[in-house]
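Here are the chains, one letter per residue:
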Amino acid sequence: MSQKSVTFHSHGWRGLAADEEWAALFSDLDRWLKRNPGEMVVHYDSRDVRRIQTPKGVVYLKDIRALTDAGYHFRDIFSWCKWVFRRSRARDAWEASQDLARKGFLCPKPLLAVRRRRGLVPRDLFITQELPLPNLWDALPKGMTPTGLAELLALEIHRLHKAGFAHGDCILRNLCYDEHTRRIAYLDNDRTWSPPPLVLQFQQQRNLAQMAYSLLKRFGEATSLLFLECYAKKAGWPDRHQIHAIQAGAIQRRNRKRH
């Protein structure tokens, strides 16, 4: 079922809040942001992610100021224009989270999705409830080997893809494992979406490349290759050409990073 929401307005910020209680907590949003700087988790010129303790529990705030750092500094005019004229990424993240939950996938509960413009330039804030689970880069699930993880990821990512989704950044740091449901939880969903049919395959292949590279960096080539082989078997790929191409791309990317 979709999460109910309420309309939210505060000093130019407009969007959605999870319910009246969360809307009341954030009612003076600018003041709340100043009083609750939290712990910086990710920092780029174009965006921040902070972990913040509130009276209602821990939340994560993603503050998006541009699509890319290059766009933020006007080095990429196309990126800057796309950010200025596109719809709210916070609202996209809200809707993606709703769609994922409705179809049985685990992700952080969205609490606030708002945008404010100063002149032409927008700024988006997306706040979610913390999922108290370690990400798969930092910790393997208890009793699970890298081989077991590769097999689990192939199964779960294929399930995500079969449901019509493509994740925005499918890497180990953005995935957790819930021992109670024995399912993968998907974090960082502001670019997760359900692409149209002509785009879907390309975006899903991109997810496989992202995960193959992440597994290769963390556990080595054998684990990333096993992941791709398990996915291909589940998806019914007729030959190994796609597997070899994705694996070769991951290896090339790693080698470029070394030099």
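Residues numbered from 1 in each chain as written. Predicted model: local features only at pLDDT ≥ 70, side-chain atom pairs only at ≥ 80, totals over all residues. Heavy atoms only, no water.

Attention shifts here to the overall build of the protein chain. In terms of helices and strands, the protein chain carries 9 helices and 9 strands. The proportion of buried residues among the 259 residues of the protein chain is 46%. Expressed as a percentage of contacts within the protein chain between residues at least 6 apart in sequence, the contacts between residues at least 24 apart total 58%. When the accessible surface of the protein chain is summed, it comes to about 13700 Å², and 54% of that surface belongs to carbon and sulfur atoms. Of note, the protein chain has its 43 positive side-chain charges centred 2 Å away from the centre of its 27 negative side-chain charges. (Helix = DSSP H or I, 4+ residues; strand = E, 2+ residues; numbered from the N terminus. Buried < 20%, exposed > 50% of the residue type's maximum accessible area, 1.4 Å probe, protein only. Contact = heavy atoms within 4.5 Å. Areas by Shrake-Rupley, 256 points an atom, 1.4 Å probe, with all protein chains shown as cover. Lys, Arg positive; Asp, Glu negative; His and termini not counted. Charge placed at Lys NZ, Arg CZ, Asp CG, Glu CD.)

A separate point is the packing of aromatic side chains. In this structure the tally under the stated criterion is 6 aromatic pairs. Taking 5.8 Å as the distance between ring centres and 20° as the angle between the ring planes, the aromatic pair formed by W22 and F26 counts as stacked. Each of the two residues, W22 as well as F26, counts as buried. Geometrically, the ring pair formed by F105 and F165 is edge-to-face, given 5.8 Å between the ring centres and 80° between the ring planes. In this pair, F105 sits in the loop between α5 (89–102) and β6 (110–118) while F165 sits in the loop between α6 (146–162) and β8 (175–178), placing the two residues 60 residues apart along the sequence. Each member of the pair, F105 as well as F165, carries the same accessibility label: buried. Members of the aromatic cluster, connected to one another through ring pairs, are W22, F26 and W32. Against the face of W83 rests R115, its NZ or CZ located 5.1 Å from the ring centre. (Phe/Tyr/Trp six-rings, centres within 6.5 Å; stacked < 30°, edge-to-face > 60°. Lys NZ or Arg CZ within 6 Å of the ring centre and 35° of its normal.)

A separate point is α6. An ideal rise of 1.5 Å per residue puts 24 Å on 17 residues; α6 measures up with 24 Å between its terminal C-alpha atoms. All buried positions along α6 are accounted for by L149, A150, L152, L153, A154, E156, I157, H158, L160 and H161. Those residues of α6 that are buried lie in contact with α5, β8, β9 (183–186), α7 (197–219) and α8 (221–235). Trailing α6 by a residue or two, G164 shows a phi angle of about 100°, which is positive. (Expected span 1.5 Å × (residues − 1).)

Let's shift gears to unusual backbone geometry. Positive phi, normally seen in glycine, also occurs at H11, with a value near 50°. Judged by relative accessible area, which is 55%, H11 ranks as exposed. In the Ramachandran plot, F74 falls in the positive-phi region, its phi being about 65° despite a non-glycine side chain. Tracing the chain through its elements places F74 in the loop between α3 (69–72) and α4 (77–85).

Now for the packing of α7 against helix α9 (residues 241–258). Two elements in contact, α7 and α9, have axes whose closest approach is 9 Å; the angle formed by their N-to-C orientations is 50°. Classified by the angle between their axes, α7 and α9 sit oblique to one another. Crossing handedness for the pair α7 and α9: right-handed. In this structure, α7 uses Q201, Q205, L208, A209, A212, Y213 and L216 to contact α9, whose residues at the interface are Q242, I246, A250, I251, R253, R254 and K257. (Axes fitted to C-alpha atoms, helices over the stretch in contact; angles between N-to-C directions. Parallel < 35°, antiparallel > 145°, perpendicular 65-115°, else oblique. Left-handed = near helix turned anticlockwise from the far one by under 90°.)

Turning to the sheet that holds strand β3 (residues 39–44), a few remarks are in order. The 7 strands are arranged β1-β2-β6-β7-β5-β4-β3 in an open sheet whose pairing can be described as antiparallel. Both edges of this open sheet fall to β1 (6–10) and β3, since each of them pairs with a single strand only. Taking each pair of neighbouring strands and ignoring which way they run, the sheet shows an average axis angle of 15°. Alignment of strand β2 (residues 13–17) against β6, held across 4 bridges, turns out to be antiparallel. Each bridged residue has a counterpart across the sheet, and for L16 the counterpart in β6 is A113. Running over the sheet, α4 touches β5 (57–64), β6 and β7 (121–129) and is turned about 70° from β7. Against the sheet, α5 makes contact with β2, β5, β6 and β7, and its axis sits at roughly 160° relative to β6, the strand it touches most. (Pairing = 2+ DSSP bridges.)

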